Amino acid sequence: MQGPAIYRFAGFELDTLRRRLTGPNGSLCAISSRGYDALLYLVKNRARVVGKDELMKAVWPRTVVEENNLTQAVSSARRALGDSRDSPRFILTVAGRGYQFVGETSAKEATRSVTADELGEAPALSALEPAAGQAIGVEEPGLAGPTPQPEDSQVAEFGTPSVNRRRLLVALGAGTAAIAAGVYGWKRTRGTDPSRPRSLAVLPFRPLTDDHGDAAIEIGIADLLINRLSTVPALSVTPLSSVIASNTSDRDPLAYARDLGVEAVLDGHVQMRDGRIRLTARLIDVRSGKPLWAGDFTERLDDFFAVQDSLASQLMNELVPNLPVEVRQRSLQHHTVDVEAWQLYANGRYHVARRNEASVRKAIEYFAAAERVDPRFALASAGLSEAWAMMAVFGIEPPAEALAQARDAARRALAADPRLPEGLTAIGQVVTQFDRDLDGGRDYYRRAIQLRPDLALAHAYLALSLTMGGEAARARASIVRAQQIEPASLVYRSIGGLVAYFARDYVEAERHLESVARTAPDAPLPRQFLARVLLAQDRGAEALALLDGRNDPAPGAYSNLGRALAQVGRQAEALEEAGKLERLRERGFGVGFDLALLRLEIGDAEATLDALEWAVADHSQMGAYVNVEPALDPVRGDPRFAAIAARMFGG
């Protein structure tokens, strides 16, 4: 015989001579004859999208049928494979165009003759097939069943979507996919440079009119695309946290993309009116300023996940041709199939990126609501863990309580998806901060990085853990990597200065943090970290002027003002600051470590060691830096200090 007789994929065998499909256990799969024909044609043409008209002609070569017959045939094939339209492993729906088989396939030629009986053997039927043209049930796109509402009534204040709002978000996915996929008339206008971009920023989609903006929806479109495209190893996609700041109506996408250091940028607009959505977008080559794609799409508010899969798929085709099938499959996996859960999650990401107390509290509400809508939504659980950990580290809530919440959420994330990089990073943060298990935390961070090398948060947390252990050079390499991934991140730039501080490179730390503070004079992190650098050099007057009379919510910031006052001789005011910390300690806040630094600056070594004893138990956010904190040098030789430092890490 000529050509393959058997196609194999994921344990299935599609036997072209016997016309049968067998599963991984060798048993026959129930599939209609037309479903078999459709599957075989898609497998044979797996390198491309097969249009619906073409597939209908292949399956019904001598009969004119309606599209719903094709839908039923594809549905039969999916049921036989245990596949899902919402999370396809094998058959991808490309909205408005057709279908593509995306499974990794091998072919084998026949090795023996086949009997006439075997050749006549038809596939097992899953149901009686209707005659051509007969009305049949159409495979329903989108979600199955009603979507539950969040239980917490407070979430409604923060924008819990109504049914209409859910339909709007559904539409966002539909419009997004149509733009990139060429579904409704994309035109590729490649410039003279034939090279393809390898780095991309997806900017929030802006409203066509300034009075109809919705930041969560605009960011939600970008978040969906970023999550899809970030799984492609050959493509560097700027994380959401770095593009949040671009969500302004007057931004220049090319200038912003150059600041981010990317080669291409996806910029778009969204408009919703009268039950329809209009989405316009362009993919721009940053080097030439010329569009790679451009599109204008208007459609009714209906499908969501299938069409946003189309967008990601076509962007990958444009940016990374010949992508391995397994990578494409992974990129099209859905973290949730519930539209409302996605919208709540997008709101959470928007607020957690703003890193102030009010926004982080809102982020917790949104992530928790997303979990209630879809308890298996691992990304929402990981986001919730990140937000609770932030509450602890920034001193907003007592660490013992906040980190316990962070631990529970991280465990839920990993129970839903054990290989979720964000979940591994979240549990690593808890293990480091709550348990002070540096080796255990680093193991989680490294596993996350192995799965997703461009996860800047994991690199940054690894840098801090290495700093705690006194591994300055390796810590610097890790934070530099985080900065390379997200060069616009104020947080990672500030951490770079903190790493230099703990390495006692005060010149570099000061230079670095002053640069960050100049670009963001109101940001607390660079200001408070710079104050620590100045205090380490007995420059209390400069630190006092920098702090302008306040301790911002920031890691290790509670003692800075009091220490500056003590250095300039204002002892009474420094003691007042110590009294404030004592009252916070009594309420369960993790301030023992800060209080120790302040007591030492005031000149009370015994009270310093007492405060460090408290820091062992109160999960002080900076307690794990006990062995590298320069301010503790005066008591480092005390035997009591050595015992406390050992207990800090469970010794």
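Right above here is the structure, for reference.
Residues numbered from 1 in each chain as written. Predicted model: local features only at pLDDT ≥ 70, side-chain atom pairs only at ≥ 80, totals over all residues. Heavy atoms only, no water.

**Q** Run through the sheet that holds strand 3 (residues 20-22), naming residues and quoting values.
**A** Read from one edge to the other, the open sheet built from 4 strands follows the order 3-2-1-7, with strand pairing classed as antiparallel. What marks the edges here is a single partner per strand, and that holds for strand 3 and strand 7 (106-108). Direction aside, neighbouring strands of the sheet carry axes that sit 20 degrees apart on average. Both strand 1 (residues 6-9) and strand 7 contribute to a ladder of 3 bridges, which runs antiparallel. Following the sheet pairing, Tyr 7 is matched in strand 7 by Ala 107. Sitting on the sheet, helix 1 (residues 33-44) is in contact with strand 1, strand 2 (12-15) and strand 3, with an inclination near 100 degrees to strand 2. (Pairing = 2+ DSSP bridges. Helix = DSSP H or I, 4+ residues; strand = E, 2+ residues; numbered from the N terminus. Axes fitted to C-alpha atoms, helices over the stretch in contact; angles between N-to-C directions. Contact = heavy atoms within 4.5 Å.)

**Q** Could you give me a rundown of the sheet that holds strand 6 (residues 98-101), with the residues and numbers involved?
**A** Pairing within the open sheet is antiparallel, and its 3 strands lie in the order 4-6-5. In this open sheet, the two strands that pair with only one neighbour each are strand 4 (50-51) and strand 5 (91-94). The strands touched by helix 1 are strand 4, strand 5 and strand 6; relative to strand 6, the strand with the most contacts, the crossing angle is about 65 degrees.

**Q** Tell me what's going on with the packing of helix 14 (residues 399-416) against helix 15 (residues 421-433), and back it up with residues and numbers.
**A** In contact at an axis separation of 9 Å, helix 14 and helix 15 are set at 150 degrees when each is read in the N-to-C sense. In terms of orientation, helix 14 and helix 15 fall into the roughly antiparallel class. With respect to the hand of their crossing, helix 14 and helix 15 are arranged in left-handed fashion. Between helix 14 and helix 15, the contacting residues are Leu 403, Ala 406, Arg 407, Ala 410, Arg 411, Ala 413 and Leu 414 on the first element and Gly 423, Leu 424, Ala 426, Ile 427, Val 430 and Gln 433 on the second. Partitioning the contact of helix 14 with helix 15 into residue classes produces 9 nonpolar, 2 polar and 2 charged. (Parallel < 35°, antiparallel > 145°, perpendicular 65-115°, else oblique. Left-handed = near helix turned anticlockwise from the far one by under 90°. Nonpolar A, V, L, I, M, F, W, Y, C, P; charged D, E, K, R; others polar.)

**Q** Just give me the short version of unusual backbone geometry, but keep the residues and values in it.
**A** For residues besides glycine, phi is generally negative; the peptide bonds are generally trans as well. Positive phi, normally seen in glycine, also occurs at Arg 436, with a value near 55 degrees. For Asp 548, which is not glycine, the phi dihedral falls at a positive 55 degrees. Topologically, Asp 548 is positioned in the loop between helix 22 (540-547) and helix 23 (560-567).

**Q** Pulling in residues and values, what's your account of helix 21 (residues 524-536)?
**A** The end-to-end C-alpha distance of helix 21, which contains 13 residues, comes to 19 Å, matching closely the 18 Å that a straight helix rising 1.5 Å per residue would cover. For helix 21, the tally of buried residues reaches 11 of 13 residues, placing the bulk of the element in the interior. Among the residues of helix 21, those classed as buried are Leu 525, Pro 526, Arg 527, Gln 528, Phe 529, Leu 530, Ala 531, Arg 532, Val 533, Leu 534 and Leu 535. Structurally, helix 21 contributes buried residues whose contacts are with helix 19 (490-502), helix 20 (506-519), helix 22, helix 23 and helix 25 (592-602). Among the residues trailing helix 21, Asp 538 stands out with phi positive, at a value near 60 degrees. (Expected span 1.5 Å × (residues − 1). Buried < 20%, exposed > 50% of the residue type's maximum accessible area, 1.4 Å probe, protein only.)

**Q** Tell me what's going on with the pairing of strand 1, and back it up with residues and numbers.
**A** Note: strand 1 against strand 2, 4 bridges, orientation antiparallel. Residue pairing in the sheet places Arg 8 in a bridge with Glu 13 of strand 2. Here strand 1 folds back onto strand 2, and the loop between the two strands holds 2 residues, one of which, Ala 10, carries a positive phi near 50 degrees.

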